[in-house]
Amino acid sequence: MTDIKMLVEELVAYALDRNLIEAPDAVYSRNLLMDLLKLEEPAEGIEQGQPPVEAFEAARAKCTGLTPQPILDEILDYAVEAGILEDDTVTLRDLMDARIMGFFMARPSDLVHTFWKNYEESPEKASEYFYDQSRASHYIMTERVAKNLYWTAPTPYGDLEITVNLSKPEKDPREIAKLKYLKSSSYPKCMLCIENVGYQGRLNHPARQNLRQIPMYLNNENWYLQYSPYVYYNEHCILLKGEHVPMKINVDTFRRLFAFIEVLPHYFIGSNAGLPVVGGSILSHEHYQGGHHVFPMEKASIRASYTHPEHPEVSIGLINWQMAGIRLAGKEKDRVIALAEHFLNAWEAYTDEDACILAETIENGVPTPHNAITPIARFNAKGEYEIDLVLRNNLTSEEFPDGIYHPHPHLHHIKKENIGLIEVMGLAVLPGRLEKELKLIASLLTGEKTLDQFDAAEQESLEKHMDWIHAMQAQYGIVASREEAEEIVRQEVGRKFSEVLECAGVYKNTPEGYAAIDRFMTSAGCVRS
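Residues numbered from 1 in each chain as written. Predicted model: local features only at pLDDT ≥ 70, side-chain atom pairs only at ≥ 80, totals over all residues. Heavy atoms only, no water.

Chemist: What should I look at first to understand the nonpolar core in this one?
Modeler: The tendency in soluble globular proteins is for nonpolar side chains to be buried as a group. Formed by 113 residues in total, the largest nonpolar core has its most connected members in Phe260, Leu328, Phe343 and Tyr507. In terms of residue count, helix H1 (residues 4-17) provides more of this core than any other element does, 10 residues in total. When neighbours within four sequence positions are excluded, phenylalanine 260 is seen to be in contact with Met216, Leu218, Leu225, Cys237, Leu239, Tyr267, Phe268 and Ile269. Counting residues in each nonpolar core, the second largest holds 51 residues, with Met297, Met425, Phe454 and Ala504 among its members. (Core = buried A, V, L, I, M, F, W, Y, C linked by side-chain atoms within 4.5 Å. Buried < 20%, exposed > 50% of the residue type's maximum accessible area, 1.4 Å probe, protein only. Helix = DSSP H or I, 4+ residues; strand = E, 2+ residues; numbered from the N terminus. Contact = heavy atoms within 4.5 Å.)

Printed below as a string of structure tokens:
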């Protein structure tokens with residue numbers, strides 16, 4: 001039988017070890033958890049409110065990584081057996097998981113105070129503290145993130161990063177059925193509103209009792225820093241506006257991005273474009289994404305340099321990348337911002353029908369804008385303010401109804417979703433279905449199996465890949481080993497993602513594409529140097 005009282009002590013011990021709580025908090029946190037689990041008395045062996053020694057030993061043995069998941073799983077199993085959880089589904093377990101860990105989190109004001117106290121020593125120490133708290137509290141479920149597949153793949157533009165997203169659990173059919181009868185709610189308005197801090201959650205909205213945010217006053221506005229619960233790279237953070245207002249790229253965007261890296265100079269920060277198709281998944285709430293990571297795009301070289309007579313102190317370069325991007329850098333922040341604003345305004349108004357670039361189309365007298373920019377800011381190795389402006393366009397056509405500058409249909413078997421900020425910078429976030437499908441393809445390449453030896457569901461999952469599979473079989477023949485076949489498939493996925501980015505690029509890396517972007521640069525007042 002589950003010794004639930006000792007599990008409570010193990011979780012208290014874990015929280016003490018991970019610096020989520022201090023010794024005076026142990027009794028308080030224990031009593032909150034006992035109340036939730038309907039326990040009248042704690043375990044034996046508690047001295048002066050502190051867990052027994054064996055609880056610390058058990059917690060350390062179970063929680064070898066920075067996650068309380070092994071202990072929480074046992075507590076949640078007990079909650080199901082005891083009828084405290086009405087059903088054993090991932091969502092209900094996650095809701096209680098966050099509630100439990102909320103008992104061990106510092107009050108928001110206390111965590112903010114500690115963050116800035118660490119900041120006095122260094123920005124790195126402050127962000128490391130906040131990131132560790134977010135992981136230790138199980139807000140970031142590191143054991144789920146660890147399930148993601150990850151590798152790098154060489155391309156003519158540099159190594160791309162590839163990840164297959166396995167960290168987001170699928171909805172249980174029982175939960176889907178309940179959603180039909182769930183009362184609608186507009187609180188919080190979205191997943192990014194500050195009202196999520198401490199929120200209890202519901203079937204269609206995650207619990208956030210273990211979420212904390214750091215207020216930041218940037219560009220005379222209230223912004224809040226938090227980490228993404230599904231981190232795709234080191235210290236993957238989100239900077240969100242205090243007000244629930246839609247995404248918009250303008251000069252204030254550039255001011256905010258640079259103001260942020262002045263606070264955390266070891267981070268980059270960028271924004272999705274503010275238009276559908278080329279924007280992110282949440283356009284209703286203004287936010288940016290950043291973190292402590294060097295993306296492939298940042299490593300890319302400059303293939304052509306320009307100058308602008310009104311901004312001679314700012315370097316201008318076209319990035320040698322799958323997508324057309326302009327890199328600006330300079331010591332004077334305001335000069336870089338002014339030139340970035342100039343390029344934004346020039347691009348939003350720019351039309352070049354020969355290059356299939358239309359600033360807007362008009363239907364029933366209503367103009368629809370199509371040009372947008374994805375900006376990414378950082379300090380470069382010289383200590384200069386640097387910003388990449390990736391040119392975007394969301395035109396559609398009969399041939400490409402999802403978008404002319406969007407993954408084309410022949411690539412949808414790998415990636416058909418919008419290309420957002422993270423992908424633009426060279427990190428593919430691919431659907432979880434590929435985990436199994438790529439293994440099946442490797443089996444075909446080695447000759448271990450033929451297509452008719454797979455079951456009906458497996459054959460159906462491979463239909464969309466057949467042209468690709470045949471091309472690889474023609475190129476590589478029968479591959480000698482499973483390991484070699486899997487490596488071939490990984491590298492071929494990288495080539496496909498490179499092609500995805502090329503589709504999303506408004507100017508292609510061809511003589512015609514180079515000439516077309518040079519026309520834009522000239523129209524913006526730039527001179528080739």
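Chemist: Looking at this structure, I do not really get the packing of H1 against helix H3 (residues 53-62). What am I missing?
Modeler: Two quantities define a packed helix pair, namely the angle between the helix axes and the distance between the axes. Direction vectors running N to C along H1 and H3 enclose 75°, while the axes themselves pass 8 Å from each other. Between H1 and H3, the angle is such that the two are roughly perpendicular. In contact with Met6, Leu7, Glu9, Glu10, Ala13, Tyr14, Leu16 and Asp17 of H1, H3 contributes Glu54, Ala55, Phe56, Ala58, Ala59, Arg60 and Lys62. Of the residues in the contact of H1 with H3, the class split is nine nonpolar, no polar and six charged. (Axes fitted to C-alpha atoms, helices over the stretch in contact; angles between N-to-C directions. Parallel < 35°, antiparallel > 145°, perpendicular 65-115°, else oblique. Nonpolar A, V, L, I, M, F, W, Y, C, P; charged D, E, K, R; others polar.)

Chemist: Explanation requested: the pairing of strand S10 (residues 325-330) in the structure shown.
Modeler: The two faces of the sheet receive side chains in turn, since in a regular strand these alternate between them. Of all six residues in S10, six are buried, a share of seventy percent or more. The side-chain alternation of S10 yields two buried faces, one formed by Gly325, Arg327 and Ala329 and the other by Ile326, Leu328 and Gly330. As defined by bridge partners, strand S9 (residues 315-319) adjoins S10 across four bridges and the pair is classed as antiparallel. By the bridge assignment for S10, leucine 318 is matched with isoleucine 326. (Pairing = 2+ DSSP bridges.)

Chemist: Sorry, what's going on with helix H5 (residues 90-102) here?
Modeler: Residues lying three or four places apart along an α-helix face the same way, a consequence of the helix completing one turn every 3.6 residues. In a regular helix each residue adds 1.5 Å, so 13 residues correspond to 18 Å; H5 covers 18 Å between its end C-alpha atoms and thus fits that length. Counting buried positions along H5 gives 10 out of 13 residues, so the element sits mostly inside the fold. Those residues of H5 that fall on the buried side of the exposure criterion are Thr91, Leu92, Arg93, Leu95, Met96, Asp97, Ala98, Ile100, Met101 and Gly102. (Expected span 1.5 Å × (residues − 1).)

Chemist: Help me understand the sheet that holds strand S15 (residues 427-430), please; the structure alone is not making it clear to me.
Modeler: Two orientations exist for strands paired in a sheet by backbone hydrogen bonds: parallel and antiparallel. Read from one edge of the open sheet, three strands run S1-S2-S15, paired in mixed fashion. Of all the strands in the sheet, just strand S1 (149-153) and S15 have a single pairing partner and so form its edges. Taking each pair of neighbouring strands and ignoring which way they run, the sheet shows an average axis angle of 20°. Bridge analysis of strand S2 (residues 160-164) against S15 gives four bridges, and the strand direction is parallel. By the bridge assignment for S15, glutamate 161 is matched with leucine 427.

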